[in-house]
Amino acid sequence: MSFGNWKPTVVVQGILWILYGLLLQPEPGTATLPLLMDSVIQALAELEQKAPATEAGHSVAAWLLSAQGSGTHSPLHHFLLEGKRLNITELDPPLLSPELRGLMGEVARHSMQDGKEYGVVLAPDGSTVAVEPLLAGLWAGLQGHRIVNLSLESTATPPDAGVTFPDLGNSSPGLSDASPDVTSVDVRPVSPNVSTKDLDVGATSPAVRPGSPDVQASSPDTKAKLPTAVDSLLVVTLAGDLGLNFLQGPQTWNHSGLGAEGCWDQLSVPRTFTLLDPEASPLTTAFLNGALDGVLLGDYLSRTPEPRPALSHLLSQYYGAGVAGDPGFRSNFRRHNGAALTSAPTLTQQVWGALILLQRLEPAHPHLQGMSQEELAQVATHATKEFTEAFLGCPAIHPRCRWGAAPYQGLPTLLKLPLGFLYVHHTYLPAPPCTSFESCAADMRSMQRFHQQTRGWADIGYSFVVGSDGYVYEGRGWHWVGAHTLGHNSRGFGVAFIGNYTGVLPSEAALRAVRDELPRCAIRAGLLRPDYALLGHRQLVRTECPGDLLFNLLRTWPRFDKDVKPRTARRASSISKRRPPPTILLSTDLQ
């Protein structure tokens, strides 16, 4: 193949190979850039600029060579992502600047050590993202949804360093089962005479595009069906790691530590990320964020015809205003879009299939050796259930450190859990909803200052605050008594929507978080009683909170307690007449 005949896809794939080569050959001590997603995007843009179409062949091929000698340690990644090699030598590759090269080396691999998490960056939406699964998803998406057949009759042997990887054909778009027309490679499980019992595992269902109606995160409820194929995109981003995390046995299933959060040393120039739970599972929130972003963007790339967008441009959109002008397709809504993209039964099959594939590729794996298909299916079922219920179906909550909370003044009073009520508020001022992490975090800090310095309270009053940016912000949280509903603070959680909802409604994403996601996850965690009641602030305190239009909507929600009648607001109270300073976020409805 001549360089002049290379397609744009090859250029983009080559740039990812460049990054893989860089990631696995770090230069310690050279990284001076902050650990931001913007810095990663800057590195991609620099590579793209140094590999123009006229010289792309030479540039990409040289870096493919550098990647060949430093392949990933994961057998699944090695088999599914490194199948296409080019034997081209004596080319002078373009180099990133020392700062960017050091940065990419620093975020090379996701790991955890001594309570710190490595290989993660801070995104503009306030979320922390692991780079490794993100790049894996981009690379798999550019190759297409390569379907690997797990035929029991196959006599194929697992590849090793000396085996030439076969070309794998592209499947039709979507994260669905492989069709008979897909060209694939057969990978035989360890035992050719396996049998399966009826387990709580479902057959795969057709894929659903992002933006589709809500998909409930639930465990599969149909009979087991031995996987016949795996999708490389799901395996290298999510399914493989999900299965491996739950291989240690049933004792870890109820205490998996899935989705642990952490705190950056600083938000403007982040360098160190410390986990809030030092004993957390490797499947932290940052890792799962990167995995979901890799799945969503990889799926998008696989369905996008040539010429595909530059990766730096694609990531700028995804971590910005939205891909191709779609505000719903951005990192803020990764959980909702991830739930819409693949069902729980489909994911269960992919996790199971990934374990079968890994068992074949690495027969001596300490946690897989001797495991039956029934046992693998059970692991896949519980792994998917935990992921869909404890992470995918829960709202993304920014911890206090993420929005820059001041310390609690004094000693907090602990709640006696589980509680029986959810009290809904609006903050009233500022009237415009916050739609970005920057503005929502500023509103949280302003509100906390007013509550502490003007009201004399120990902390921000609310348990949680919901922005219109797709995130929930932790106030006093699940365990501290709040100051949100006078006389009832110890009996329920106070949740406030940022904005004035007298004549308008919050965004659907914000409403969904309070109506469905937050209470569902609190019940699952034993923080909220299953028979909880939902009340508007005005039902317990003389106030107009949470606004007429929002309160009328609350009346239609299934958990709304209509037996508690609203109290008349004090419209002319001295409190309501006070005007706050321009920079202070006033909430007149807390008492």
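Just so we're clear, the structure is a prediction, and the values are computed from it rather than from any experiment.

**Quick look at the packing of aromatic side chains**
Link 1 in the chain: Taken as a whole and assessed by the stated rule, the structure comprises eleven aromatic pairs.
Link 2 in the chain: Ring geometry for Y318 and Y319: centres 4.9 Å apart, planes at 85°, overall edge-to-face.
Link 3 in the chain: The class of Y319 is buried, set by a relative accessible area of 4%.
Link 4 in the chain: Each ring, one from F551 and one from F560, has its centre 5.7 Å from the other, and the planes form 75°; the classification is edge-to-face.
Link 5 in the chain: Overall, F560 belongs to the buried group, its relative accessible area being 12%.
Link 6 in the chain: An aromatic cluster of three or more residues is present, and its members are Y300, Y318, Y319 and F329.
Link 7 in the chain: Sitting over the face of the ring of F391, R335 holds its NZ or CZ atom 3.8 Å from the ring centroid.
Link 8 in the chain: Across the ring face of W557, the terminal group of R515 is positioned such that the distance to the ring centre comes to 5.8 Å.

**Considerations on helix α9 (residues 311-318)**
Link 1 in the chain: Looking at α9, one finds that the buried residues are L311, S312, L314, L315 and Y318. End-on, the buried residues of α9 take up no more than an arc of 160°, which puts them together on one face.

**What to know about the nonpolar core**
Here is a general trend for soluble globular proteins: nonpolar side chains tend to be buried in one another's company.
Link 1 in the chain: Of all hydrophobic cores here, the largest spans 85 residues; its most connected members are M37, L138, L297 and F387.
Link 2 in the chain: If one sorts the elements of this core by residue count, helix α8 (residues 285-303) sits on top with ten residues.
Link 3 in the chain: If sequence neighbours within four positions are ignored, M37 has contacts with V121, L122, A123, P124, V129, L134 and Y319.
Link 4 in the chain: Counting 28 residues, the second-largest nonpolar core is a separate cluster that includes V481, A510, V514 and L554.

**Examining helix α15 (residues 508-524)**
Link 1 in the chain: When the terminal C-alpha atoms of α15 are compared, their 23 Å separation across 17 residues agrees well with the 24 Å that a helix rising 1.5 Å per residue should span.
Link 2 in the chain: Within α15, the axis deviates most sharply at V514, by approximately 40°.
Link 3 in the chain: Among all positions in α15, only A510, L511, R512, A513, V514, E517, L518, P519, C521 and A522 are buried.

**As for the pairing of strand β13 (residues 492-497)**
Link 1 in the chain: Burial within β13 is extensive, with six of its six residues counted as buried.
Link 2 in the chain: Note that strand β10 (residues 419-426) and β13 share six bridges and pair parallel. Residue pairing for β13: F421 is matched across the bridge by G492.
Link 3 in the chain: Pairing between strand β11 (residues 464-466) and β13: three bridges, direction parallel. Along β13, the bridge assignment pairs V465 with A496.

**Here's the deal with the sheet that holds strand β12 (residues 472-474)**
To summarise the sheet geometry, strands pair through backbone hydrogen bonds and adopt either a parallel or an antiparallel arrangement.
Link 1 in the chain: Reading across the sheet, the six strands line up as β9-β12-β11-β13-β10-β14 and stay open at both edges, with mixed pairing between neighbours. In the strand order of this sheet, the two ends are held by β9 (397-398) and β14 (528-536), each with one partner.
Link 2 in the chain: In this fold helix α14 (residues 437-454) packs onto β9, β11 and β12, with an angle of close to 35° to the strand it touches most, β12.
Link 3 in the chain: Contacting β9, β10, β11, β12, β13 and β14, α15 crosses the sheet at an angle of about 150° to β14.

**Re the pattern of salt bridges**
Link 1 in the chain: Following the criterion strictly, the structure yields 15 salt bridges and no others.
Link 2 in the chain: Across the pair E386 and R524 runs a salt bridge whose closest N-O atoms are separated by 3.0 Å. Of this pair, E386 sits in helix α12 (residues 373-392) while R524 sits in helix α15; the two residues are 138 residues apart in sequence, bridging distant segments of the chain.
Link 3 in the chain: For E386, a relative accessible area of 11% corresponds to the buried category.
Link 4 in the chain: Between R515 and E508 there is a salt bridge whose closest N-O contact spans 3.1 Å.

**Quick notes on the state of the cysteines**
Link 1 in the chain: Within this structure, the stated rule accounts for three disulfides.
Link 2 in the chain: Bridging C263 to C401, the disulfide has an S-S length of 2.0 Å. Disulfide C263-C401: torsion about the S-S bond near -90°, hence left-handed. Pair noted here: C263 is in strand β7 (residues 262-264) and C401 is in helix α13 (residues 400-403), with a separation of 138 residues, a long-range link.

**Remarks on the packing of helix α2 (residues 37-49) against helix α5 (residues 98-106)**
Link 1 in the chain: Remark: α2 packs on α5, axes separated minimally by 10 Å, with the N-to-C direction vectors making an angle of 120°. Considering the angle they form, α2 stands oblique to α5. The interaxial crossing formed by α2 with α5 has left-handed handedness. Where α2 approaches α5, its residues S39, V40, Q42, A43 and E46 are matched on the opposing element by L100, L103 and M104.
Link 2 in the chain: Of the residues assigned to the contact of α2 with α5, the class counts are five nonpolar, two polar and one charged.

**Considerations on unusual backbone geometry**
Link 1 in the chain: With an omega of 0°, the peptide bond between L417 and P418 qualifies as cis.
Link 2 in the chain: Along the chain, the position of P418 falls in the loop between α13 and β10.
Link 3 in the chain: With omega at 10°, the peptide bond leading from C545 into P546 counts as cis.
Link 4 in the chain: Mapped onto the elements of the fold, P546 is located in the loop between β14 and α16 (548-554).
Link 5 in the chain: Here the phi dihedral of D114 falls at roughly 55°; this positive angle occurs in a residue that is not glycine.
Link 6 in the chain: Positionally, D114 belongs in the loop between β1 (111-113) and β2 (116-118).
Link 7 in the chain: Its relative accessible area of 71% is what places D114 among the exposed residues.
Link 8 in the chain: One non-glycine residue, A324, lies in the positive phi region at around 55°.
Link 9 in the chain: Mapping A324 onto the fold places it in the loop between α9 and α10 (334-341).

The rules behind the values
Residues numbered from 1 in each chain as written. Predicted model: local features only at pLDDT ≥ 70, side-chain atom pairs only at ≥ 80, totals over all residues. Heavy atoms only, no water. Phe/Tyr/Trp six-rings, centres within 6.5 Å; stacked < 30°, edge-to-face > 60°. Buried < 20%, exposed > 50% of the residue type's maximum accessible area, 1.4 Å probe, protein only. Lys NZ or Arg CZ within 6 Å of the ring centre and 35° of its normal. Helix = DSSP H or I, 4+ residues; strand = E, 2+ residues; numbered from the N terminus. Arc of directions from axis to C-beta. Core = buried A, V, L, I, M, F, W, Y, C linked by side-chain atoms within 4.5 Å. Contact = heavy atoms within 4.5 Å. Expected span 1.5 Å × (residues − 1). Bend = angle between axes of the 7 residues up to and from the residue. Pairing = 2+ DSSP bridges. Axes fitted to C-alpha atoms, helices over the stretch in contact; angles between N-to-C directions. Salt bridge = Lys/Arg side-chain N within 4 Å of Asp/Glu carboxyl O. Disulfide = S-S within 2.5 Å. Parallel < 35°, antiparallel > 145°, perpendicular 65-115°, else oblique. Left-handed = near helix turned anticlockwise from the far one by under 90°. Nonpolar A, V, L, I, M, F, W, Y, C, P; charged D, E, K, R; others polar.

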